[in-house]
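# Coordinates in review
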Amino acid sequence: MGRAFDERQQDRSTEPLPQSTQLLRLLVRAVDALAGDFDVIELCQQLLETCIEVTDAADAGILLADQRGELHVLASTTEAPQLLELLHFEGPGLRAYRSKSPATVPDLRDAQDLWPDFAPAALAAGYRCAYAVPLRLHRDSIGALTILAAPTAVLGHLGLRIGQILADIAAIGIAHHVLLAQGATIHAQLPTALHTRIAIEQAKGVLAEHGSRDVDLAFQLMRAHARATGRRLTDIAADIVEGRVDLRAEATD
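Model, not experiment: these values are computed from the prediction.

Further remarks concern the overall build of the chain. Secondary structure assignment for the chain yields 11 helices and five strands. Taking all 253 residues of the chain together, the buried fraction comes to 41%. For the chain, long-range pairs separated by at least 24 residues make up 60% of all intrachain contacts whose partners lie at least 6 apart in sequence.

A separate point is the nonpolar core. One finds I62, L135, L145 and I147 to be the most contacted residues of the largest nonpolar core, which totals 29 residues. Elements that contribute at least two residues to this core include exactly α3 (40-55), β1 (59-65), β4 (129-137), β5 (140-149) and α7 (157-181). Setting aside chain neighbours within four positions, we find L145 in contact with L48, C51, A60, G61, I62, Y131, A132, V133, L135, G163, L166 and A167. Membership of the second largest hydrophobic core comes to 24 residues, among which are L71, L86, Y97 and A119.

Time to look at the sheet that holds β4. Taken in spatial order, the five strands make up an open sheet running β2-β1-β5-β4-β3, and their pairing is antiparallel. The open sheet has two free edges, formed respectively by β2 (71-76) and β3 (103-105), since each of these has just one partner strand. Pairs of neighbouring strands in the sheet enclose a mean axial angle of 20°, with direction left out of account. Across the face of the sheet, helix α4 (residues 81-88) comes into contact with β1, β2 and β5 while running at roughly 145° to β2.

For the chain, mean pLDDT is 79; residues scoring 70 or higher make up 77% of the total. Note on residues 1-18: pLDDT under 50 across the span, and 17 contacts to partners over four residues away in sequence or across chains.

Tracing the backbone through its elements, the reader meets S141 in strand β5. Of the residues examined, S141 reaches a relative accessible area of 6% and is grouped as buried. Side-chain polar atoms of S141 contact the backbone oxygen of Y97, separated by 3.2 Å. One polar contact links the side chain of S141 to the main-chain carbonyl oxygen of G143, over a distance of 3.3 Å. In contact with S141, not counting residues within four places along its chain, are A96, Y97, K100, P134 and L135.

Attention now moves to the pairing of β1. Regular strands show a simple pattern: their side chains alternate between the two faces of the sheet. Most of β1 sits out of view: five of its seven residues are buried. Two strands pair when backbone bridges link them, and β1 and β5 are joined in this way by six bridges, in the antiparallel orientation. Its bridge partner lying in β5, L64 is registered against G143. Bridge analysis of β1 against β2 gives five bridges, and the strand direction is antiparallel. If you follow G61 over to β2, its bridge partner there is S76. Count of turn residues in the β1/β2 antiparallel hairpin: five residues, of which G69 carries a positive phi of about 85°.

What counts and how
- Residues numbered from 1 in each chain as written.
- Predicted model: local features only at pLDDT ≥ 70, side-chain atom pairs only at ≥ 80, totals over all residues.
- Heavy atoms only, no water.
- Helix = DSSP H or I, 4+ residues; strand = E, 2+ residues; numbered from the N terminus.
- Buried < 20%, exposed > 50% of the residue type's maximum accessible area, 1.4 Å probe, protein only.
- Contact = heavy atoms within 4.5 Å.
- Core = buried A, V, L, I, M, F, W, Y, C linked by side-chain atoms within 4.5 Å.
- Pairing = 2+ DSSP bridges.
- Axes fitted to C-alpha atoms, helices over the stretch in contact; angles between N-to-C directions.
- pLDDT = per-residue confidence, 0-100.
- Polar contact = N/O pair within 3.5 Å; in protein donor to acceptor, adjacent residues only side chain to side chain.

Here it is as structure tokens:
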């Protein structure tokens with residue numbers, strides 16, 4: 001890891017851009033890629049490159065689960081066998097995938113009993129801490145993004161949040177790639193989206209009619225209730241239409 005990482009660091013001839021600018025550029029590239037005929041591996045590689053740039057990590061890898069729940073390396077910052085072997089060991093990536101929540105190891109020396117293969121190998125490769133976040137897709141997890149750093153405790157709350165954003169983009173890209181490979185067309189799914197919108201329109205009408213307010217206020221009330229309860233807007237709309245949720249009193253405030 002050390003020499004390859006040092007060489008990559010020396011190749012950076014310009015000052016790093018602020019995190020917000022780097023992330024914005026990545027998001028633009030990701031959206032552009034998803035809208036066209038994109039290469040899922042290249043997208044993941046760009047996500048990893050951005051990850052180590054904005055978090056100052058040394059290396060990172062994206063792990064994808066198979067049908068049996070076993071993780072496999074989909075992309076990594078280098079193709080060095082040492083890194084690829086390390087990512088396959090049971091470690092924070094597997095924990096993040098199974099728990100669907102971040103796994104943090106600020107000091108790998110404290111994790112040698114927990115992960116007897118991963119932690120010693122990571123320390124021997126020059127890493128001192130490791131973090132992992134799940135690849136979230138709806139309420140499921142399809143893999144993990146593992147981040148490795150040389151100094152201990154290099155990632156804080158912001159670093160983990162950035163890592164999760166990048167992992168989520170990877171999950172969306174992978175899902176899109178799978179749908180394309182299966183021959184699914186967006187046109188076949190449009191009626192479902194339109195049906196969802198019909199339910200929202202009906203719920204807006206219920207609220208607006210009772211409160212004698214405009215439909216925009218009704219829609220904002222629905223959104224606020226969805227955010228407050230952690231539920232989907234479409235589910236809230238269906239409940240309003242069916243009488244299971246009553247926001248009409250709020251519509252008169």
